[in-house]
Amino acid sequence: MRDLRYGVRVLLKAPAFTITAVLTLALCIGANTAIYTVVDRVLLRPLPYPQPERLAQIVTRFDGGGIGEIGQTGATWEALRDGVTSLDLATTSGGFGSIGVNMVVGQHAEYITQQRVSAGFFRVLGVAPARGREFTADEDRPNGPAAVILSHTLWTRLFDGDPAAIGRTLTLRGEPYAIVGVMPSGFTTAEPVDTWTPVRACRTCEGGGQNYAILARLRPHVEWAQTDADVGGIGEPVLSDLYRGAPRTARLHIVSLQRGETESVRQPILILWGAVAMVLLIGCVNVAGLLMARSVGRAPEIAIRAALGGGRGAILRQLMAESLVLAAAGGALGALLGYAGSRVFASLLRDAFGVAARDIGLDVRVLGATATIALGTSVLFGLVPALQASRVNLRATLVESGSPSIAGAARSWARRALVVTEVALGVVLLVGAGLLIRSFDHLVTLRAGFDASHVMTATLSLQDARYQSAKQVNRFFDDSLDRMRRIAGVDNAAAALTLPYERALNVGGRWIGAQPGAEQIGIMNETYVTPGYFNTLRVPVLRGRVFNAADNADAAPVIVVNQAFVARYSPDHDPIGRQINQGGARTVIGIVGDIQQKAGWGNFGPVAAMPASYIPVAQTSDRFLQMVHTWFSPSWFVRWRGEDAAIAGEMQRAVAGVDPLLPFAKFRTIADLRREAVAMQRAQTLLLAALAALALALAAVGLYGLVANGVAERTRELGIRLALGATVRQAMLAAVAPGLTLAVVGVAAGALCARLAASTLRHLVWGISVADPLTFALATGAVLAVAAAAAFVPALRIAHLNPIKALR
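Calculation rules
- Residues numbered from 1 in each chain as written.
- Predicted model: local features only at pLDDT ≥ 70, side-chain atom pairs only at ≥ 80, totals over all residues.
- Heavy atoms only, no water.
- Helix = DSSP H or I, 4+ residues; strand = E, 2+ residues; numbered from the N terminus.
- Buried < 20%, exposed > 50% of the residue type's maximum accessible area, 1.4 Å probe, protein only.
- Areas by Shrake-Rupley, 256 points an atom, 1.4 Å probe, with all protein chains shown as cover.
- Lys, Arg positive; Asp, Glu negative; His and termini not counted.
- Charge placed at Lys NZ, Arg CZ, Asp CG, Glu CD.
- Salt bridge = Lys/Arg side-chain N within 4 Å of Asp/Glu carboxyl O.
- Expected span 1.5 Å × (residues − 1).
- Bend = angle between axes of the 7 residues up to and from the residue.
- Core = buried A, V, L, I, M, F, W, Y, C linked by side-chain atoms within 4.5 Å.
- Contact = heavy atoms within 4.5 Å.
- Polar contact = N/O pair within 3.5 Å; in protein donor to acceptor, adjacent residues only side chain to side chain.
- Pairing = 2+ DSSP bridges.
- pLDDT = per-residue confidence, 0-100.
- Phe/Tyr/Trp six-rings, centres within 6.5 Å; stacked < 30°, edge-to-face > 60°.
- Lys NZ or Arg CZ within 6 Å of the ring centre and 35° of its normal.
- Patch = residues over 30% accessible without salt bridge, like charges linked within 9 Å, V, L, I, M, F, W, Y side chains within 5 Å.
- Axes fitted to C-alpha atoms, helices over the stretch in contact; angles between N-to-C directions.
- Parallel < 35°, antiparallel > 145°, perpendicular 65-115°, else oblique.
- Left-handed = near helix turned anticlockwise from the far one by under 90°.
- Nonpolar A, V, L, I, M, F, W, Y, C, P; charged D, E, K, R; others polar.

On to the overall build of the protein chain, then. When you go through the protein chain residue by residue, the secondary structure sums to 25 helices and 25 strands. When the backbone C-alpha atoms are referred to their principal axes, the protein chain occupies close to 105 × 60 × 55 Å. A buried classification covers 52% of the 808 residues belonging to the protein chain. Surface summary for the protein chain: the accessible area is close to 34900 Å², and the carbon and sulfur share equals 58%. Taken as two groups, the 75 positive and 58 negative side-chain charges of the protein chain have centres that lie 12 Å from each other.

The next thing to look at is the pattern of salt bridges. In this structure the tally under the stated criterion is 22 salt bridges. With a closest N to O distance of 2.9 Å, Glu 110 and Arg 157 form a salt bridge. Of this pair, Glu 110 sits in strand β5 (residues 108-117) while Arg 157 sits in helix α5 (residues 152-159), and the two are 47 residues apart along the sequence. One continuous salt-bridge network, built from bridges that share partners, spans Asp 451, Arg 538 and Arg 639.

Here the focus is helix α23 (residues 728-757). With 30 residues, α23 extends 42 Å between its outermost C-alpha atoms, agreeing within 8% with the 44 Å of an ideal straight helix rising 1.5 Å per residue. If you look at α23, its biggest bend is around 40°, right at Val 736, and the proline Pro 738 turns up within four residues after that. Among the residues of α23, Ala 731, Met 732, Ala 735, Val 736, Gly 739, Leu 742, Ala 743, Gly 746, Val 747, Gly 750 and Ala 754 are the ones counted as buried.

Before going further, it helps to examine the nonpolar core. Counting residues in each nonpolar core, the largest one holds 81 residues, and the members touching the most others are Ile 269, Val 279, Leu 326, Phe 353, Phe 381, Leu 429 and Leu 688. Contacts of Leu 429, omitting those with residues within four sequence positions, involve Ala 275, Met 278, Val 279, Ile 282, Leu 688, Leu 691, Ala 692 and Ala 695. If you look at the next biggest cluster of nonpolar residues, it comprises 48 residues, including Tyr 467, Phe 477, Val 617 and Val 628.

With that settled, the discussion passes to the side chain of Arg 173. By the secondary structure assignment, Arg 173 is in the loop between β8 (169-172) and β9 (175-182). Buried and unpaired, Arg 173 has no salt bridge, with Glu 175 as the nearest side chain of opposite charge at 4.7 Å. Side chain to side chain, Arg 173 and Tyr 177 meet in a polar contact 2.3 Å long. In contact with Arg 173, not counting residues within four places along its chain, are Val 101, Asn 102, Gln 114, Arg 116, Thr 197, Gln 463, Asp 464 and Ala 465.

The pairing of strand β4 (residues 99-105) with β5 spans seven bridges and is antiparallel. Paired with Ile 99 across the two strands is Gln 114, which belongs to β5. The hairpin turn running from β4 into β5, its antiparallel successor, is two residues long, and Gly 106 in that turn takes a positive phi close to 65°.

Another point: the confidence of the model for the protein chain. As a note on interpretation, predicted positions should not be read in detail where pLDDT is low. Residue-level pLDDT values for the protein chain average 86, and 93% of them are 70 or greater. Note on residues 401-410: pLDDT under 50 across the span, and eleven contacts to partners over four residues away in sequence or across chains.

We now examine the side chain of Thr 262. Mapping Thr 262 onto the fold places it in the loop between α7 (257-261) and α8 (263-297). Setting aside its immediate chain neighbours within four residues, Thr 262 contacts Val 42 and Leu 43.

All right, on to the packing of aromatic side chains then. Remark: the centre distance and the inter-plane angle together describe each pair of aromatic rings, the angle taken between the planes. Enumeration according to the criterion identifies 21 aromatic pairs in this entry. Taken together, the ring pairs connect Tyr 467, Phe 476, Phe 477, Tyr 528, Trp 636, Phe 664 and Phe 667 into an aromatic cluster. The ring of Trp 511 is capped by Arg 578, whose NZ or CZ atom sits 4.0 Å from the centre of that ring.

Further remarks concern unusual backbone geometry. If a residue is not glycine, its phi is most likely negative; likewise, a peptide bond is most likely trans. Positive phi outside glycine occurs at Arg 173, with the angle close to 55°. By relative accessible area, which is 10% here, Arg 173 ends up buried. You will see that His 454, though not glycine, has its phi angle at about 60°, which is positive. If you trace the backbone, His 454 turns up in the loop between α14 (413-444) and β13 (455-459). Here His 454 falls in the exposed class, since its relative accessible area comes to 53%.

A word on the environment of Tyr 569. The residue Tyr 569 is located in helix α17 (residues 563-569) in this model. Taking the C-alpha atoms as reference, Tyr 569 lies 27 Å from Asp 241; in sequence the two are 328 residues apart. Ignoring any residue separated from it by four or fewer positions in sequence, one finds Tyr 569 in contact with Trp 511, Ile 521, Gly 522, Ile 523, Met 524, Trp 601 and Pro 611. For Tyr 569, the side chain forms a polar contact with the main-chain oxygen of Ile 523, separated by 2.6 Å.

With that settled, consider a nonpolar patch on the surface. Together, Ile 19, Leu 23, Leu 27, Leu 333, Leu 336 and Leu 337 give the surface a local cluster of nonpolar side chains, amounting to about 510 Å² of exposed area. Elements supplying a minimum of two residues to the nonpolar patch: α2 (15-44) and α10 (312-344). Along the chain, Ile 19 turns up in helix α2.

Where α14 meets α23, the closest approach of the two axes is 7 Å, and the angle between their N-to-C directions is 45°. The pairing of α14 with α23 is recorded here as oblique in orientation. Crossing of α14 against α23: the hand is right-handed. Residues Arg 416, Val 419, Val 420, Val 423, Ala 424, Val 427, Val 428 and Val 431 of α14 form the contact with α23, whose own contacting residues are Leu 742, Ala 743, Val 745, Gly 746, Val 747, Ala 749, Gly 750, Ala 751, Cys 753 and Ala 754. Looking at the contact of α14 with α23 residue by residue, the classes come out as 15 nonpolar, two polar and one charged.

Written out as structure tokens, the structure is:
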């Protein structure tokens, strides 16, 4: 305690040094705190269920690589459900997320989120309904009784928390559903959910695709390895049949539920965490350099302490106590800065990683991590300077205390090594940020392929019992769009299953009449559209024609493809007039330009001009519409010559005039769609760019301090040089040369490390190579320019140096 009290007094007597060191640590620890709130919330914090370490999900891996595919077929579900005894199993539709549906209570219509789950889903999670019960096996079979479980929030909002709500009915998807349960307050799944309904999984349901996710809990005393082997063995016949003729071998595995749910964001978050760790290391290097520079001035004090009997251990303890005081002050301020920073970036974190502002706070876990970081930094930046300062030469220091050395600091190699290190780390971060910036620029400047100005979109669920036939759906489209076209200021209106920058339906097909081996068409995006879709968005028609009112249910089935489709699947043949078999023959009547879409397959990137096809909604079947409306909510859009806020109400009134029980879910401009599509890339780029800028600033400060300290230590030497005829320019170059040399060495080392580390960004960079020479040139050039400025600024004082005063 005596050492700590003395350390506080010593630091208060050097306010410039103390403020610089504390602010440096606060910024670095604050950045770590802000990112740690995300790391803890998404990757580290146990799932909010009993014994979360025993929760798993079933995935398909090809040749043992990667985390695996979550989507499973009904056949896989039935095989595991009936064959695996070591797991308690449940399934959900479409992964562990939710979809939007329409709900009606009385005369109140609302768009809410719904998750479809099997009987036993809540039992597997280990959380029972707070009121009522969960689904029975009878309710979870095809054509079983319609039952619904409410979230606590929805129950409170709609029924004021009335227990009598159990047993009442509400209209969901156009059908009456009996309320059988209410979940506890605070219960949550991977995404916010308002209601749960039975999934009714079977081999022929959900379009026959891999549209189920299988959740599991290991039974007591069951080991992961044995269960994984059981799952793989039972699933082998199913996957062999499913992937017959595939070039790779598929096998079922179990993985931790937490790992599976966070796989898509794990790498970006860990890269950001690594970046802030590098910034923290740069900050520690900076403070260590400041302590080393300060130790030169404190050498007489330490020598006197040693001469009066102070042992090296006592001196070392005193210096480490001062480091601890600095770290504690920096940690406290850093925690506040981290909390404020996470709030500033709250919208980025929510859009990119699903971390809501309410999940970010200075709880015990975050404060504990911040305290640990602060304690670790006190050792990291304090130990080397303390060891160096405590290793004092009593005779030389006491004799020379009043007469600074002409030769300068002979033992400054340690500080020079630290400067090289922080410059190198700054280059690594700047290169990484540069790659992400250039990649993000590539994504947002991709040619849209249509006119995105003055277009307002609105989404609405047609997963509704009243719209089970194509005739009903098309009548609703015709009537609602007719009303929208009559709105003052609307140039045109149309509807589509999906919009630009959204993920579309993935389908395949075959060319009819093609040569053997050339008839197969791989995966493509497909969306149904109404006549006017291409005109409203002003998508260029390159050849042939697009749909019109004559392309109805009675006309020959037709299809329109884009340029990317032609380049991939018909590069040597004119597709106009050719027929594609998609459960029936469709004739290609036109080729349109490419538009940007969110990729759901392949290695196209977050958004890309992908092979796409369009079909008239009037030529779709009842079964097709029922299937796609299970997964997608179609959108209406208008080209409008007024204010965005005004058109939203007009569009809602137009739909309400046709069906007042169908509410729009959300209104978005095309700019909103594009922003949502690249939300994660935007967050990565902005956060890493901010960290790189901080690292560059810290490196500049470190180099500035080194040169400034060198100029101060070499004042007598420089005065002698000037007195003997050296020019100011020569003296300045002599002072700057060591700093510039260190900067060049640091930049060279950093460029090499950056090239090795860039491979970690391979899956995050699009449109450029991770070895992009322009990015490396700009990053290294920027660091050299900043380093040169940081070195020359303190050397400018030499121009005002009076040799006589310096010698005196």
